[in-house]
Amino acid sequence: TDYGTPQSTSEKNVTINVDGFDVTVPEGTSVMRASMEAGIQVPKLCATDMVDAFGSCRLCLVEIEGRRGTPASCTTLVEEGMKVRTQTDRLKGLRRGVMELYISDHPLDCLTCAANGDCELQDMAGAVGLRDVRYEADCQNHFKMRDGGGEVNACWKPKDESNPYFTYDPAKCIVCSRCVRACEEVQGTFALTITGRGFDSRVTAGMSESFLDSECVSCGACVQACPTGTLQEKSVIDIGQPERSVVTTCAYCGVGCSFKAE
Ligand code: FES
């Protein structure tokens, strides 16, 4: 189970109530993790327990008694006596709206995507009950190229296949920054960054032309963190998803970190 945020190491406990269920967790725990520990699934995309919460996708919104607005549960810490609601009609509507925007700018090629069946975007679309998408980007996954002063709209976001172990397909990126944070927090390398804004925002290998030319040490932490088919192991693309996986030491590099492999 991915609890969404890392475990707190505090020895002091706090009890909160989530959707009518009491749950006791260490101080410093996120509302998302407390909810998950109570067995209540909160939709999420940018949160994962391998890196600190960032609060960018806005899918994990909750209502907290006595507070205005709908804070992100991944970046909100528990407080004694807190009463949280995760499944109100208002929250469900907000989450569907967020997912609709994500899907409006994502290729609808799930059936031929190597991540099919192992894609959190796909899972979350189902979890929030998304049926239709009312919005249409200029061109799905457009990438605006400026050409001689004129703006050319092209369905063009080139794949980066320079790394021998994985590919990077920016057309499938939801810019959740999990890969950027994994690179920094898990590996201690600062090879990735996010550039641009809005539709033009994208993950890049720093100032480098490609992953191969960058500071990337091919540890695979970014691939493991990616919730979609954006960063994919080449072996998965070639032979499909493994039927089972175990945690082992991968052959990517000499660092010796743990990585899921077939
Ligand atoms: Fe909390 Fe993305 S999971 S904002």
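The structure this text deals with has already been given above.
This is a predicted model, so every value here is computed, not measured. Numbers given to residues run from 1 along each chain, matching the order in which its sequence is written. Side-chain atom pairs in this predicted model are given and counted only at pLDDT of 80 or more, local residue features only at pLDDT of at least 70, and totals for whole chains, interfaces and linings cover all residues. The side-chain numbers reported here are obtained from all heavy atoms of the structure, hydrogens and water having been left aside.

(A) The arrangement of helix H2 (residues 89-104) in detail. If you check H2, its first and last C-alpha atoms are 22 Å apart, about what 16 residues at 1.5 Å a residue would give, namely 22 Å. Exposure classes here rest on a 1.4 Å probe applied to the protein chains alone. A residue is buried below 20% of its type maximum, exposed above 50%, and partly exposed in between. To qualify as a helix, a DSSP run of H or I must reach at least 4 residues; to qualify as a strand, a run of E must reach at least 2; elements of each kind are numbered from the N terminus. Among the residues of H2, those classed as buried are Leu91, Arg95, Val98, Met99, Glu100, Tyr102, Ile103 and Ser104. Take the number of residues in a helix, subtract one, and multiply by 1.5 Å to get its expected span.

(B) Representation of helix H3 (residues 120-127) within the structure. Those residues of H3 that fall on the buried side of the exposure criterion are Leu121, Met124 and Ala125. Buried positions in H3, seen along its axis, are confined to an arc of 105° and lie on one side of it. With respect to the buried face of H3, the exposed residues turned more than 90 degrees away are Gly126 and Ala127. Any two residues whose heavy atoms approach within 4.5 Å are treated as being in contact. If you follow the buried residues of H3, they end up packed against H2. At the exit of H3 stands Gly129, carrying a positive phi of roughly 75°. The directions from the helix axis to the C-beta atoms form the arc being described.

(C) The sheet that holds strand E2 (residues 21-26), seen in detail. What makes two strands pair is DSSP finding at least two bridges between them. The strand order across the open sheet formed by four strands is E2-E1-E4-E3, and the pairing between neighbours is mixed. The open sheet has two free edges, formed respectively by E2 and strand E3 (63-64), since each of these has just one partner strand.

(D) Examining the pattern of salt bridges more closely. Just to be clear on terms, a salt bridge is a Lys or Arg side-chain nitrogen sitting within 4 Å of an Asp or Glu carboxyl oxygen. Counted under the stated rule, the structure contains 10 salt bridges. Ionic pairing is found between Asp2 and Lys44, a salt bridge with its closest N-O pair at 3.8 Å. Taken together, the residues Asp2 in the segment before strand E1 (13-18) and Lys44 in the loop between helix H1 (31-37) and E3 connect sequence positions 42 residues apart. Residue Arg33 pairs with Glu37 through a salt bridge whose shortest N-O separation is 3.1 Å. With Arg33 and Glu37 both in helix H1, this residue pair falls four residues apart, about one helical turn. Linked through salt bridges whose partners overlap, the residues forming this network are Glu63, Glu65, Arg85 and Arg90.

(E) The pairing of E2, seen in detail. Here E1 runs beside E2; their pairing, made up of six bridges, is antiparallel. Pairing of Asn13 across the sheet is with Pro26, part of E2. Linkage of E1 to E2, two consecutive antiparallel strands, is achieved through a turn of two residues, within which Asp19 is found at a positive phi near 50°.

(F) Structural view of the packing of aromatic side chains. Aromatic rings from Phe, Tyr and Trp, with only the six-membered ring used for Trp, were paired whenever their centres fell within 6.5 Å, and each pair was classed as stacked if the ring planes differed by under 30 degrees, edge-to-face if by over 60, and tilted otherwise. If you walk through the whole model with that rule in mind, you get two aromatic pairs. Seen in terms of ring centroids, Phe166 and Phe211 are 5.4 Å apart; in terms of plane orientation they differ by 90°. Their pairing is edge-to-face. Of this pair, Phe166 sits in strand E7 (residues 166-168) while Phe211 sits in the loop between strand E9 (202-204) and helix H5 (221-225); the two residues are 45 residues apart in sequence, bridging distant segments of the chain. Seen in terms of ring centroids, Tyr168 and Phe211 are 5.4 Å apart; in terms of plane orientation they differ by 50°. Their pairing is tilted.

Keep in mind that these numbers describe shape and distance, not what the molecule does.
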